[in-house]
Every structure is written in structure tokens, then in C-alpha cells.
Amino acid sequence: MAGPSPRSGPPVSGAQPEEADRLRDLLLAPGYLKVLFLCALIGIPVSLAAFWFLVGLHELEHLLWADLPHDLGWDAPAWWWPLPLFLVAGLVVGLVAARLPGAGGHIPAVGLHTGGASPTALPGVLLAAVASLPFGAVLGPEAPLIALGGGLALLFRNLAHAPTAAQSTALLGAAGAAAAISAIFGNPVVAAVLLIEIAGVGGPRLFAVMLPALLSSGVGALVFTGFGRWTGLETGSLSLELPAPSPRLDAADVLWTLIMAVTIAVAIHLLLSAGRLVALYTMKAVPVRTVLCALGAAACAALYTLSTDRSPADVATSGQSTLSTLAADPHAWSVGALLAVLAFKGAAYTLCLGSLRGGPVFPALFLGAATGVLLAPLPGLGVLPAMAAGMAAATAATLRLPVSSVVLVALLLGSLDVMPLVILAAVVAFITTELLPPHPRRSTGEHSSPPGEAA
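Everything quoted here is computed from the prediction, not taken from an experiment.

1. Things to note about the confidence of the model for the chain
Point 1. In the predicted model, the chain carries a mean pLDDT of 79, and the fraction of residues at 70 or more is 72%.
Point 2. The element-level mean pLDDT for the chain is lowest in helix α8 (residues 203–231), coming to 53, with helix α12 (residues 335–355) highest at 96.
Point 3. Throughout residues 1–16 the model reports pLDDT below 50, and contacts reaching past four residues in sequence, or to other chains, amount to 2 contacts.

2. Notes on the nonpolar core
Point 1. Of all hydrophobic cores here, the largest spans 113 residues; its most connected members are F185, Y349 and L356.
Point 2. Sort the elements by how many residues they give to this core and helix α14 (residues 383–399) lands first, with 11 residues.
Point 3. Dropping the residues within four chain positions of it, F185 is found in contact with E142, V190, L194, V361, F362 and L408.

3. With respect to the packing of helix α15 (residues 402–413) against helix α16 (residues 419–435)
Point 1. For the pair α15 and α16, the least separation of the axes is 9 Å and the interaxial angle reads 145 degrees. In terms of crossing hand, the pair formed by α15 and α16 is right-handed. Every residue of α16 that contacts α15 at P402, V406, V409, A410 and L413 is listed here: M419, V422, I423, A426 and F430.
Point 2. Here the residues of the contact of α15 with α16 are counted per class, giving 10 nonpolar, no polar and no charged.

4. Focus on the packing of aromatic side chains
Point 1. In the structure shown here, the tally under the stated rule is 6 aromatic pairs.
Point 2. For the pair W74 and W81, a centre-to-centre distance of 5.7 Å together with 85 degrees between the ring planes defines the contact as edge-to-face.
Point 3. Geometrically, the ring pair formed by W80 and W81 is tilted, given 5.8 Å between the ring centres and 55 degrees between the ring planes.
Point 4. Using a relative accessible area of 34% as the deciding quantity, one classes W80 as partly exposed.
Point 5. Taking relative accessible area as the criterion, W81 reaches 9% and is therefore assigned buried.
Point 6. Through a chain of ring-to-ring contacts, the aromatic side chains of W74, W80 and W81 assemble into a single cluster.
Point 7. Over the aromatic face of W333 sits the side chain of R310, whose NZ or CZ is 3.9 Å from the ring centroid.
Point 8. In this structure, K345 is placed above the aromatic ring of F366, and the distance from its NZ or CZ to the ring centre is 5.3 Å.

5. Remarks on the pattern of salt bridges
Point 1. The tally for this structure, following the rule as stated, stands at 2 salt bridges.
Point 2. Of the charged contacts, one joins D314 and R310 as a salt bridge, the two residues approaching to 3.1 Å between their closest N and O atoms.
Point 3. Look at D314 and you get buried, because its relative accessible area is 9%.
Point 4. For R310, a relative accessible area of 26% corresponds to the partly exposed category.

What counts, and where the lines are drawn
- Residues numbered from 1 in each chain as written.
- Predicted model: local features only at pLDDT ≥ 70, side-chain atom pairs only at ≥ 80, totals over all residues.
- Heavy atoms only, no water.
- pLDDT = per-residue confidence, 0-100.
- Helix = DSSP H or I, 4+ residues; strand = E, 2+ residues; numbered from the N terminus.
- Contact = heavy atoms within 4.5 Å.
- Core = buried A, V, L, I, M, F, W, Y, C linked by side-chain atoms within 4.5 Å.
- Buried < 20%, exposed > 50% of the residue type's maximum accessible area, 1.4 Å probe, protein only.
- Axes fitted to C-alpha atoms, helices over the stretch in contact; angles between N-to-C directions.
- Left-handed = near helix turned anticlockwise from the far one by under 90°.
- Nonpolar A, V, L, I, M, F, W, Y, C, P; charged D, E, K, R; others polar.
- Phe/Tyr/Trp six-rings, centres within 6.5 Å; stacked < 30°, edge-to-face > 60°.
- Lys NZ or Arg CZ within 6 Å of the ring centre and 35° of its normal.
- Salt bridge = Lys/Arg side-chain N within 4 Å of Asp/Glu carboxyl O.

The structure is reproduced here in C-alpha cells:
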């Protein structure tokens, strides 16, 4: 008898369809195609709304922290300048959390997630964000943007009388959030990867498969880089020659990266745990205690200025603009200034995580970068490898999303030469964070667990 044809494949009797057939059937399903088309349409108004929202936040922050002090004849805000601004932030956010639907969004200390976005919660989310971020909260805009995108997507769905099935609702919410958050990260790849990990697609099995692959790719890149430079031989690769000089990675970079990743992960874990304790504190007598925590963050910025004679904006605000100046001229910061900004911004970050509204990413990026600049003089390290490792470790420890952290830091640095260190730092920091004791949990009012704790 003739054997089976090479193209016939395994017997089909009772067999499950191949994965490719499942994907094809899903893509050709009329309901899915309608949702896909609706997501494409929704991306336009959501992106425009996110753009103008970010423009408004930026202009108001510049007005409060640059224009007004300049009009008063100061080169930089006075040491006491954060006190009235944080007072306003704490008062408004406290009232929003106590009175409006959605409580102004989720507590930043619980991390990022896509759940809970609804059109009814949008006014409170936007008001709390406007009162927090431009007025100096040590938080970023990514969490309000996710809520804005997801809420607007569902609002447009309701206006269009589209189907309200659970699956389509989840898809539209995620698509709207991705369209909005790509505006702040400046790259759709970061937004897509971030939303995949936040939504927990694949659950714990995804992380179980992803971590070994990510780690082995980073180690493999280090081995190839080392052997290529030690032997002088070439294997041939797809690469572009960039005009900027690239750092020569060596064993010292790897060693310091491992130490930095573990240390930063522990420090960030402690800050986030303390932030959750602050959230527990503000649950009772929300307006009053929110104001007290906001004033505590303002005091950190004031003490920083009094001790270093630098601008309180180094400690206040998300750190996005300060990160740019730090990266452009790291030698302008003395060791004392770096130690002070790490201490005071870390304390202010903790207080804002549990009281005000925003996202945890940008302050963590700055803290990681500042740690890298502080440790850059260590033997065999250097500024760029240290900053890359510090930012990757801090982001991975904060978000507990290793792939998103790698992609984000790599795109921010614009250099593929330090990618092995970025991967190594992100994976080690993620594993370290997972092995540490869990954060304190709120008994009520927590919309969801952080992505690393629950899918």
C-alpha cells in the first residue's frame, strides 16, 4: 500500500483544527472584522483627544513651573513654590476621589491595568489628572491616558450602537487605550507590547515562556558581542552602521548590571509597598489625608531645594523633562545632588503613589537613570551602560512587565548596542521583584491587582 502523501498531514478524523486554521477562521469571522474596523475608526478621535490632553498638561505645567516664576523675576521656582501647588492638587484629587464616579482613576501604587475604564468615570479621571500632573505630582500621564483611551472607545461604541458583548468590549477598550498611550511613548510598538502584557494575554504561561527566551537572547547577544571583539571574526548580521560611537561592553558591565538590577528592584519594591501603605492611610478621611500626603511630597521638593540650591522641579513633576537634561549632561549633577534627588524624589514618589492620580512609569525611569549616573564611575562601567541598566531595572520592577520595559528603554536610548544589558537588567529585576514578599493589599477599593500579580 502506498504511504500517506507528504502533503496530506496527520489524519483529520476527530482532530482539532490547526492553529493557522483557527487564526484564519477568527480573522474571517464577520463579528471580528467589524470590531477590527471599528477599532481603526476609534483610533482617530482617541489619538486626537490624547494629543490635546497631553498638550494641555504640558502647557499648564510649563505655566506653573516656568512662566509664572519667570514673571515674578526668578530664574527657578522658590523653595516654597511646591507647597501651594500640591495643596491644590491634594484638595482637588481628594474631593474627586470622594465624590465622583470612578474615584478619579485607580491608585497609582497598584500599577497599570486596562480594566475599569468607563465613560462615566472619565470626567473624574481627567479632573484628577489635570489637578495632579501639572501641579507637581511625581507621577506620569500613562495611567490617565489608558483610562481616557479605553473610556472614549466605549463611549464611541455606545454612540454607534455597536454590539456590547464582553469580548468586543475588551477589544475596544484595549484598542482605545493603545491608541492613547502611543501618544506619550511616541511609538505604537511600545503601546502594543505594553497593552498585551498589561491585559495578561496568555496569563502566567506567557511569562513562563517569555522570560527564558528573553534572557537567553540577551545572554546570546553578549556572547556574540564578546567573541566577535575578542577574535576579530565576523559571522554576518543584519545591522546598520550608526555615526555615534558605541560602548564596548565587557565583563564589568555585566557584573555591575546584575548588582544594579537586584539593588534597584529591591528599592523600587520598597517604594511601591510604601505607596500602598499610603493608599491604605488615605482610604479613611480621603480629602484631608490626601492633602496631607500631597503637602508631604511638596515638603520633599522644598527640602531638596534648600539642601542643594537646585530647582524643586527636579523632585516635583513626573521627571520626564528632568530625565532629558540628565541624559544630555549627566556631569552637571554632583554626587550630592544625585543622592539628594534620589532620596527626596523617592519619598515624594511614594507619597504621590498612594494619594494623587497618574502613572508610575516616568518617575521610575528617572530614578533608574539617576542611579545609573551616580554609579557610572564604578570601575569598568560608564554612563550609557549604567543608565541603560538602571532604567530597565527600575521600569521592570515597577511595571513587572519585562518585555515592555526592554522595548521602552531601548527606544528611549536609541542605541541597540546596550540591548543585552537592558534585557539582562529587566529580566533580573523582574525575577527579583517576583521573589520578594508581595505588596500590601487594600481591603476595599482596589480595582485590580498589578499585572504581575494577576492576569
